Amino acid sequence: MRLDGHVRQPGLKPLASVPTISELLMDGDALQPAPYLLFSILETTDEVSRQRIYQPVDLGPILSGIEDIALKEQDALLVMGPEEMAYLSSEAVRSAILSPESVTSDQCKAITSLARRARQADSERLAAVARSVFVVTGAEQGGNDSSGGTSEQQMVEEASNFSSDEIVSSAELARLASQDADCNDFFEESPEVLPLAIEYSVVMMGAVREPGLYPIANTASLRDLVATSGGMSLSVDPSQIEISSFRGGDLAALGAVERRYIDSRTTALSEIQVTPGSAIRFASLSGSLEAGTVLLSGEFRRPGVYSIKRGETLMEVMERAGGLTEQAYPFGAVFTRVRVKQEQQESFRRTARELNNALALAMVQNNISGNALTAASGLVNSFAMVEAAGRVVVEADPRVLQQEPDRDLVLEGGDSIFMPKRPNFVLTAGDLLNPGALQFRPGKTLEDYLGEAGGFQETADKGRVFIVFPNGVAQPVTMSRWSRSSVMVPPGSTIVVPKDVNPLQTLNIVREIAGVLSNLAVSAASIAVISR
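As the structure is a computational prediction, the values presented were derived from the model and not from experiment.

Caption draft 1: Inspection of the overall build of the protein at higher detail. Counting its regular elements, the protein contains 17 helices and 24 strands. Buried positions account for 45% of the 532 residues belonging to the protein. Within the protein, contacts between residues separated by at least 24 positions form 67% of all contacts whose residues are at least 6 apart in sequence. With an accessible surface of roughly 26,700 Å², the protein has 51% of that area assigned to carbon and sulfur atoms.

Here's what the structure looks like:
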C-alpha cells in the first residue's frame, strides 16, 4: 500500500496496519496543511481485467467517519494540495487542451500526454478548460484537424454555451504556456491523473477570489466549492449564482445542459449539490463607479484626475472641477478618448493596406517603375505609423450645455479633457511662402491671413485649401479671384494649403497614384493639425 502527494510521510505502508483509507490517513493527521479533500485518486487493480485503474475519492465523508473504503495490496492513494490545484488552471494545461499543436516534445511529460489526449479524445471530456477561458482564434484555425479530433475553434464554440470572464488569443495562450513551463512533480509521476482531474472538474468563474478548475469525485455542495475557491468576492451578486450542469450528470447526453439560478440569501449553499462537469458563474453587482478615471487639465479651477460614476457627463465633471477660469477657451477644448484612438489607429493601418494594394495593382497594370513604387509605398507606410490623436469633437462651453443638455457627453474611463487659454493667433501651414503663426484680429479674412503668410507657392493646390477650427472640425474653403471667402476665422484656427502632386506625374507615376498621394497629403496635414 502506497500513500503519496500532499501528505506528511509519503511512501509504502503495510496493508495489515492500514486496511482502510481512514486508518491510512490517521484520521487526517497524515495530511499536510490545506489538503484538497473533494478529489483524491485511489489507484487500484480491477478484479476482472487485472488492469490498473484510477478511482476518484472524496476524502471528506471518510475523515468525518461517515464512510470508509477498504484497501488492497498494491493500492495507492494520491492526495492533491494547493500546488496541484493551481496547476490545473495553469496556462500550460490550458494550452495543451485548447492548442495541442503548440505543445512540443521537450515539455513536461504530463503536458505532452495531455496534449496527445486532447487531439484524440472527444472534446467533452476535457471541455472544462474551454469553459474557463474563451480563446480568440483566426479563421484559418477553424475546422477539424488532420488527426480527426476536435479543433480548438469547435471547443470554443461549445464553450459559448457557458460563460467566461477571460478572453485570450491562441498566440497569447501559447506564449503564456511557454513562460509557465514548470512541471508539477505530482502529475509527472502519475500523468494519467491530470486528464482524469480535468474530466471531473467544476469550473468556478466570476466573482470568486480564486476562479479556476476544481475536480470533485461524485457530487459536492456549493458551500464546499465556494470555500475551496477562496470564497465569494465583495462585488458578488448573491441573488445571481448560475449553475450550468449536465442533466442527471450524463456527460454523454448531447444538448442535456440545464441551468439553474441560486439566491444565496434565501437558499443555503450547503443544500445545493453540484456534479462534475458543471460551470458555476458568480455574477458581479453593477458598480456605480466607472472603471478608470478622467483627466481634466488646463484652464479648470481645480484640474486633476477624477473618478466618475456610470453615466456621469462632461458638464457634471467640469462642475466638480470648479468650472472654468476667466482665460478658458471652450471652443478650443481638446477631448480625447482611448477607444476612439484605437479605432483611428486601426483605420490608419487599414487605409495603408488598401493603398499598398492599390499601388501594387497600378504597378502591374501600368508598368510603373520600381523606384516610383518604392517611394509611394514608403509614404503610405509612414502614414500607417502616424499616432492617432483619439480626438472627439465635443461641445465644452458650459453655457451651451446648460441650454442644450442633449449635447452633454457621457464620459468613459480614460477620457482626457484639455481646456486651453484663449489664443491670439491663427496658424498657417502647407505650401505657403512663409507659413507660421499670425496675430489674430477681429475682422481679418482668410485671404488676409494667406497674404500675411506670403501667399501660395507654385506647388500649392489652391483648390483644396481647408481650415481646421479650434474644436477639431475641418472645412474646405473655395478660393476664387472673383469673390472673397466668407469663412470666419476664429482664434486658434489653422489654415492648411496642401501640395499639388500633379507635377509628380512627370516621374512616371500615373494619375491613379498621384490621386492617392494627393489624398494622403491632405490627410496627413489634417492629422498634424488635429494632433497638435
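Caption draft 2: Examining the layout of surface pockets more closely. Considered as a void within the structure, the largest pocket measures approximately 520 Å³ in volume. Lining the largest pocket are 27 residues; nearest its centre among them are Tyr36, Leu37, Leu38, Asp224 and Thr228. Those elements that provide at least two residues to the lining of the largest pocket are α2 (59-63), α3 (82-88), β9 (212-215), β10 (220-221) and α11 (222-228). With 4 residues, α11 is the single largest residue contributor to the lining of the largest pocket. When grouped by side-chain class, the residues that make up the lining of the largest pocket number 14 nonpolar, 9 polar and 4 charged. In this structure, the second largest pocket occupies an estimated 290 Å³ of space. Considering the residues around the second largest pocket, the lining is formed by 13 residues, among which Gly5, Glu83, Glu84, Asp185 and Phe186 are closest to the centre. For the lining of the second largest pocket, the secondary structure elements donating two or more residues are β1 (2-5), α3 and α9 (185-189). When grouped by side-chain class, the residues that make up the lining of the second largest pocket number 3 nonpolar, 5 polar and 5 charged.

Caption draft 3: Fine view of the pattern of salt bridges. The final tally for this structure, using the stated rule, is 20 salt bridges. Glu91 is the salt-bridge partner of Arg94, the closest N and O atoms lying 3.3 Å from each other. Taken together, the residues Arg94 and Glu91, both in helix α4 (residues 91-98) and 3 residues apart, mark about one turn of the helix. When its relative accessible area of 6% is taken as the criterion, Arg94 is described as buried.

Caption draft 4: Geometry of the state of the cysteines. Inspection of the entire model under this criterion finds 1 disulfide. Here Cys108 pairs with Cys183 through a disulfide, and the sulfurs are 1.8 Å apart. Handedness of the Cys108-Cys183 disulfide follows from its S-S torsion of about -95 degrees: it is left-handed. With Cys108 in the loop between α4 and α5 (109-120) and Cys183 in the loop between α8 (170-179) and α9, the pair connects residues that are 75 residues apart, well separated along the chain. Residue class for Cys108 comes out buried when judged on its relative accessible area of 5%.

Caption draft 5: Representation of α4 in the model. Among the 8 residues that make up α4, 7 are buried, leaving the element largely enclosed by the rest of the structure. The complete set of buried residues in α4 reads Ala92, Val93, Arg94, Ser95, Ala96, Ile97 and Leu98.

Caption draft 6: How the structure looks around the sheet that holds β1. Strand order in the open sheet made by the 5 strands is β2-β1-β5-β3-β4, with mixed pairing throughout. Two strands close off the open sheet at either side, each with one partner strand: β2 (11-12) and β4 (52-57). In this sheet, β4 lies alongside strand β3 (residues 40-45) in antiparallel orientation, the contact comprising 6 bridges. Across the sheet, the residue bridging to Ile41 is Pro56, located in β4.

Caption draft 7: Local environment of the nonpolar core. If you look at the biggest cluster of nonpolar residues, it comprises 56 residues, and the most contacted ones within it are Leu222, Leu225, Ile280 and Phe282. Ignoring anything within four residues of it in the chain, the contact list for Ile280 reads Val202, Val203, Met204, Met205, Leu222, Leu225, Ile241, Glu242, Ile243 and Val274. Membership of the second largest hydrophobic core comes to 20 residues, among which are Val294, Phe300, Met315 and Ile417.

Caption draft 8: Fine view of the side chain of Asp4. Turning to its location among the elements, Asp4 is positioned in strand β1. A relative accessible area of 18% means that Asp4 is categorised as buried. Among the polar contacts made by the side chain of Asp4, one reaches the side chain of Arg2 at a distance of 3.3 Å.

Caption draft 9: Expanded view of α5. The end-to-end C-alpha separation of α5 is 17 Å, in line with the 16 Å expected for 12 residues at 1.5 Å each. Regarding α5, the residues found buried are Ala110, Ile111, Ser113, Leu114, Ala115 and Ala118. Elements in contact with the buried residues of α5: α3, α4, α9 and α10 (193-199).

Caption draft 10: Summary view of unusual backbone geometry. Phi is positive for Met26, close to 55 degrees, though the residue is something other than glycine. Phi at Arg50 takes a positive value of approximately 60 degrees, unusual for a residue other than glycine. Within the secondary structure, Arg50 is located in the loop between β3 and β4. Taking relative accessible area as the criterion, Arg50 reaches 57% and is therefore assigned exposed.

Caption draft 11: A look at the environment of Ala279. Note that Ala279 resides in strand β14 (residues 279-284). A sequence separation of 151 residues divides Ala279 from Ala128, and the C-alpha atoms of the two residues are 7.8 Å apart.

Caption draft 12: Representation of the packing of α4 against α5. Orientation of α4 relative to α5, taken along the N-to-C sense of each, is 30 degrees, at an axis distance of 7 Å. Judged by the inter-axis angle, α4 sits roughly parallel to α5. The chirality of how α4 crosses α5 is right-handed. For the pair formed by α4 and α5, the contact residues are Ala92, Val93, Ala96 and Ile97 on the first element and Ile111, Leu114, Ala115 and Ala118 on the second. Looking at side-chain class alone, the contact of α4 with α5 contains 8 nonpolar, no polar and no charged residues.

Cut-offs applied
- Residues numbered from 1 in each chain as written.
- Predicted model: local features only at pLDDT ≥ 70, side-chain atom pairs only at ≥ 80, totals over all residues.
- Heavy atoms only, no water.
- Helix = DSSP H or I, 4+ residues; strand = E, 2+ residues; numbered from the N terminus.
- Buried < 20%, exposed > 50% of the residue type's maximum accessible area, 1.4 Å probe, protein only.
- Contact = heavy atoms within 4.5 Å.
- Areas by Shrake-Rupley, 256 points an atom, 1.4 Å probe, with all protein chains shown as cover.
- 1 Å grid on protein atoms, 1.4 Å probe; cavity = no way out; pocket = protein on both sides within 12 Å on 5 of 7 lines; lining within 4 Å.
- Points joined across faces, edges and corners; volume = space filled by probe spheres on them.
- Nonpolar A, V, L, I, M, F, W, Y, C, P; charged D, E, K, R; others polar.
- Salt bridge = Lys/Arg side-chain N within 4 Å of Asp/Glu carboxyl O.
- Disulfide = S-S within 2.5 Å.
- Pairing = 2+ DSSP bridges.
- Core = buried A, V, L, I, M, F, W, Y, C linked by side-chain atoms within 4.5 Å.
- Polar contact = N/O pair within 3.5 Å; in protein donor to acceptor, adjacent residues only side chain to side chain.
- Expected span 1.5 Å × (residues − 1).
- Axes fitted to C-alpha atoms, helices over the stretch in contact; angles between N-to-C directions.
- Parallel < 35°, antiparallel > 145°, perpendicular 65-115°, else oblique.
- Left-handed = near helix turned anticlockwise from the far one by under 90°.

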